[in-house]
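Spelled out, the chains give:
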Amino acid sequence: MKKFSIVIAGGGSTFTPGIVLMLLDNLERFPIRQIKFYDNNHERQQQIADACEILLKEKAPDINFVATTDPETAFSDVDFVMAHIRVGLYAMREQDEKIPLKYGVVGQETCGPGGIAYGMRSIGGVLEILDYMEKYSPDAWMLNYSNPAAIVAEATRKLRPHSKIINICDMPVGIEERMARAIGLRSRKEMVVRYYGLNHFGWWTDIRDLEGNDLMPQIKAHVAQHGYSLQDEIEESQHLDASWMNTFAKAKDVYAVDPDTLPNTYLKYYLYPQDEVAHSNPDFTRANEVMAGREKHVFGECNAIAARGNTEGTTLEIDEHASYIVDLARAIAYNTHERMLLIVPNNGAIVNFDETAMVEVPCIVGTNGPEPLTQGKIPQFQKGLMEQQVSVEKLVVEAWAERSYQKLWQALTLSRIVPNARVAKQLLDDLIEANKDFWPELN
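Note that the structure is a prediction, hence the values are computed from the model and not measured.

1. A few points about the UniProt feature "transmembrane region" (unreviewed entry) in the protein
In the UniProt entry, the feature "transmembrane region" (unreviewed entry) is given for residues 6-24. Between the first and last C-alpha atoms of residues 6-24 the distance is 12 Å; the span itself is 47% helix and 21% strand.

2. A closer look at helix α14 (residues 380-402)
In this model, α14 (23 residues) spans 32 Å end to end at C-alpha, consistent with the 33 Å of a helix rising 1.5 Å per residue. Where α14 ends, the next residue or the one after it, Arg-403, has phi of about 55°, a positive value.

3. Observations concerning unusual backbone geometry
In this structure, the amide linkage connecting Asn-147 to the following residue, Pro-148, adopts the cis form with an omega of -10°. Looking at where Pro-148 falls in the secondary structure, it is placed in the loop between β5 (141-144) and α6 (149-159). With a phi angle near 60°, His-200 is a residue other than glycine that sits in the positive phi range. You can see His-200 is positioned in the loop between β7 (191-198) and β8 (201-209). According to the relative accessible area criterion, His-200 is buried, its value standing at 5%. Its identity is not glycine, yet Asn-335 carries a phi of approximately 55°, on the positive side.

4. As for the packing of α14 against helix α15 (residues 405-414)
At their nearest, the axes of α14 and α15 sit 8 Å apart, and the two run at 160° to each other. Considering the angle they form, α14 stands roughly antiparallel to α15. Of the two possible hands of crossing, α14 and α15 adopt the one that is left-handed. Residues Gln-388, Ser-391, Val-392, Leu-395, Val-396, Glu-398, Ala-399 and Glu-402 of α14 pack against Lys-407, Leu-408, Gln-410, Ala-411 and Leu-414 of α15. Residues of the contact of α14 with α15, tallied by class, amount to 7 nonpolar, 3 polar and 3 charged.

The rules behind each value
- Residues numbered from 1 in each chain as written.
- Predicted model: local features only at pLDDT ≥ 70, side-chain atom pairs only at ≥ 80, totals over all residues.
- Heavy atoms only, no water.
- UniProt positions renumbered as here; feature names shortened; annotations may be inferred.
- Helix = DSSP H or I, 4+ residues; strand = E, 2+ residues; numbered from the N terminus.
- Expected span 1.5 Å × (residues − 1).
- Buried < 20%, exposed > 50% of the residue type's maximum accessible area, 1.4 Å probe, protein only.
- Axes fitted to C-alpha atoms, helices over the stretch in contact; angles between N-to-C directions.
- Parallel < 35°, antiparallel > 145°, perpendicular 65-115°, else oblique.
- Left-handed = near helix turned anticlockwise from the far one by under 90°.
- Contact = heavy atoms within 4.5 Å.
- Nonpolar A, V, L, I, M, F, W, Y, C, P; charged D, E, K, R; others polar.

Below is the structure:
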């Protein structure tokens with residue numbers, strides 16, 4: 001079997017060690033000859049890289065390892081770019097969350113004003129990485145799971161329409177694992193799903209086991225009573241925080257709005273925004289939770305490994321959710337025709353929806369990339385919500401490309417989470433000031 005060369009763009013991310021462990025756990029399915037880290041923050045990446053180099057020497061000494069801030073070194077001789085960048089790091093995420101809360105508006109990483117602000121930072125960074133890949137390894141594929149995925153996907157569709165990039169998200173994977181466990185299955189891979197929506201904005205319409213038996217009644221019964229919460233919470237540490245426990249429980253209320261389908265958890269921000277604001281602590285948001293929790297833990301563990309020179313006793317964990325990245329890479333490399341939820345141009349997958357929208361639907365994946373499966377016509381309720389949200393995403397990308405203050409104000413005004421155009425303008429002016437080092441200058 002061919003061995004592959006991978007660059008992880010965002011080498012200084014707190015998720016990088018878990019992804020490396022996951023890749024090492026899957027070497028029989030997806031052999032690797034080289035792993036490279038690329039980041040524009042040398043100091044942050046080096047802490048992660050020092051630990052991962054020791055990890056690789058212990059577990060897979062044949063794999064060549066490189067950590068670099070040089071694009072040519074990083075992107076030359078690679079088959080796959082696995083990108084999870086965070087422009088502005090958690091310090092800017094904190095601003096994304098706290099500025100909206102000043103106005104009584106949901107402060108969230110990928111939804112509403114926070115997601116728009118993050119999107120305006122992310123577009124340029126993702127396009128830059130895509131351009132590096134196409135310059136130095138034109139036959140490579142970019143598997144992008146940088147947030148906010150919906151805005152980034154629209155930007156790559158509009159501004160790099162012929163690029164070999166697939167935009168992906170692990171949130172449906174995590175929810176499906178919970179569904180499977182709730183009804184006694186071992187894995188989400190024992191389920192075949194139908195789903196439609198936008199990223200962080202979708203609904204399951206049919207779930208069956210491998211024999212074709214309908215699992216929806218059992219899962220719905222659980223969600224109607226518990227949301228996506230489980231009796232025995234053994235999810236990885238990322239999802240044990242109080243904010244995630246609230247999110248999984250709140251799915252019960254989101255489900256009640258349309259009990260014909262099963263919802264993505266992020267819909268709570270759009271359907272119950274006042275509840276989310278009331279539940280939020282404006283002085284300690286999810287960003288603070290992550291900085292005090294996962295970020296502190298991962299960097300502490302990496303520094304300890306580097307100081308010891310071995311990984312003995314480490315509490316770094318395999319990122320199981322990230323295994324879908326290996327499934328996707330294998331599908332492209334080996335033409336496996338894996339069925340996966342991906343973010344792709346609609347092109348008729350949802351019959352009564354914008355052809356150019358970037359929708360999240362099941363796809364069959366092979367050497368040529370994803371082939372979306374038709375989901376048919378969708379109901380008026382979901383169609384109305386999605387049309388509003390996709391317009392927000394398109395306006396953000398147009399605002400970035402055209403440097404347009406007006407279009408970004410329109411995007412914020414159109415968001416279900418923002419109460420009116422006056423608040424949208426106040427938010428925009430505050431966000432411009434906070435993001436002056438990251439956003440293009442708007443006219």
